[in-house]
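# Reading the structure
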Amino acid sequence: MSDTKRIGSALVSVHDKDGLEPIVRELHRLGVTLYSTGGTQTFIEGLGLPVVPVEELTGYPSILGGRVKTLHPKVFGGILGRRGLADDVAQLETYAIPPIDLVVVDLYPFEATVAAGGSEQAIIEKIDIGGISLVRAGAKNHADVVIIAAKAQYTDLLTILRERDGTTDLAERKRLAGLAFGVSSGYDRAIHGWFTGAPTALPPAGGQPVHALRYGENPHQPARFHGDLHGLFEQVQGKELSYNNLLDLDAALELIDDLATLPGVPFAVLKHNNACGAAVRPTLKEAWEAALAGDPVSAFGGVLITTAPIDKATAEAIGDLFFEIICAPDHTPEALEVLRRKKNRIILKRRSTGRIARKWRSALNGLLEQTPDQVLDTASTMRTVTKRPPTDAELQDLVFANILVKHTKSNAIVLARDRQLLASGTGQTSRVDALEQAIAKARKFGFELQGAVMASDAFFPFPDCVTIAGAAGIAAVVQPGGSIKDQESVDACDERGMAMCITGNRHFKH
């Protein structure tokens, strides 16, 4: 018997109806019998399409406040019945159970309800029973059934419907079954985590698409990305994203989202996960020009990112600069015409601000897990410890610099003025080396450091950094504090008329 199957019937039961319309319209075009229940049934009927209520199939209404709708032999028999097994086929005929060839499910949003601070009862009601059972049944019988267990797989289904008229082979169905069990295991793990306090997610993301990348950190290293890139970005132009591109984008998104909390328009340029240019200005073009001025050499081949739509004036200011990626929430048609003059540029339109809830990293023979660094120090949380408090302008610059140093590889020092990155010392084994690197770089690009501010990602173990910074003209400093010699650094500031603020929050980044 051929392993090629054509979809003739489908059960559709989803919580979120977003993206569902083109699927049900394609199923109707192909003459597929649709079964559904509850809000999904109402949605399909609202499109003017025929749909068979599950209650009509089972002879039972939805009961117990909707807790029991699809849990019935006439539903699960149609999914689990083996088309190539004579006994199964005979029983389906005896009990008038129609076969179901496609199952489309979107589970109750358990994790979102927990994240939103829902009550215990609300969280418990978002533990999907019927949906998760449909997912497992469809995946188990993938020899005959196509299972779509999450919205992330809608693109796959539309390809099957539009390009192959609903026909699949065994390899395709088995691949989708594997993704479905990923959704199932991730969902159960989240529930287990809520009950026990255990970690709620493990990489790779269950049920998410898997993207083969051009290569890893180096051309001889194969690499893949597990996740929904399409949900984050629309790629307007350019080659496929690489492993290094994705690491730079991850760093860029985290930085720009923090800078977006400041008044004005932020623009940043990143290279190897570190900002080489950043500024906040009243207009996008001004922000770009100030960011580029921070290090016009390192900007070559960098990642450009902002939270404002790219306009023609900014695109023309960027001009012929070679960069790898530009990412923004949108681009005007005139701006795109300018940016597209270089065909290899990767142009991304950011779709979502969603971020992963936990960070993972392989180490030794296991995994390291932590929550993201979401602490954001503000002017109101910075504590002045010197005789002279920072001026209002200095305090604004300290907040700006502290955001940048949070997103810079340790040991890190950032120098800034007028909400512009003047220079940074990154990834040094000594904090003094990081400071001296930053001072040298700022002077190389013609910046006057008199009146600038300095941010450190960790405390000063000795007052030497303050002494060096003061001699260079730095007027104010922000650091986490916590050294047994904090007072010596404070005294060094007082001797030079410098201001110092303490945050209490260290921001190491490896």
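Everything that follows concerns the structure shown earlier in this document.
Since the structure is predicted, the reported quantities are computational estimates derived from the model, not experimental observations.

Overall, parallel pairing links the five strands, which are arranged β4-β3-β2-β5-β6 in an open sheet. What marks the edges here is a single partner per strand, and that holds for β4 (52-53) and β6 (146-148). Summarising the sheet, strand β5 (residues 102-106) and β6 pair through three bridges and their orientation is parallel. Opposite V103, over in β6, you have I147 as the bridge partner.

For the rest of this paragraph, the subject is the environment of L421. Among the secondary structure elements, L421 is positioned in strand β20 (residues 420-425). Given the relative accessible area of 3%, L421 is considered buried. Taking the C-alpha atoms as reference, L421 lies 15 Å from D258; in sequence the two are 163 residues apart. In this view, L421 contacts A275, C276, G277, A278, G294, F400, L404, V414 and L415; residues no more than four positions away in its chain are not counted.

For the coordinates displayed, the defined rule picks out 22 salt bridges. The partner of R175 in a salt bridge is D156, and the shortest N-O contact between them spans 3.2 Å. With R175 in helix α10 (residues 170-196) and D156 in helix α9 (residues 154-164), this residue pair connects regions lying 19 residues apart in the sequence. Residue classification places R175 among the partly exposed positions, given a relative accessible area of 39%. Because the salt bridges share partners, they merge into one network encompassing E26, R29, R162 and D165.

The tally for this structure, following the rule as stated, stands at five aromatic pairs. Taking 6.2 Å as the distance between ring centres and 85° as the angle between the ring planes, the aromatic pair formed by F110 and W194 counts as edge-to-face. Of this pair, F110 sits in helix α6 (residues 110-115) while W194 sits in helix α10, placing them 84 residues apart in sequence. F110 sits in the buried class, given a relative accessible area of 2%. Note on F300 and F322: the rings are 4.9 Å apart at their centroids and 50° apart in plane angle, and the pair reads as tilted. Taken as a pair, F300 in the loop between α13 (284-293) and β13 (302-306) and F322 in the loop between α14 (312-318) and β14 (323-328) lie far apart in primary sequence, 22 residues in all. Members of the aromatic cluster, joined through ring pairs, are F110, Y187, W194 and F195.

How each quantity is defined
Residues numbered from 1 in each chain as written. Predicted model: local features only at pLDDT ≥ 70, side-chain atom pairs only at ≥ 80, totals over all residues. Heavy atoms only, no water. Pairing = 2+ DSSP bridges. Helix = DSSP H or I, 4+ residues; strand = E, 2+ residues; numbered from the N terminus. Buried < 20%, exposed > 50% of the residue type's maximum accessible area, 1.4 Å probe, protein only. Contact = heavy atoms within 4.5 Å. Salt bridge = Lys/Arg side-chain N within 4 Å of Asp/Glu carboxyl O. Phe/Tyr/Trp six-rings, centres within 6.5 Å; stacked < 30°, edge-to-face > 60°.

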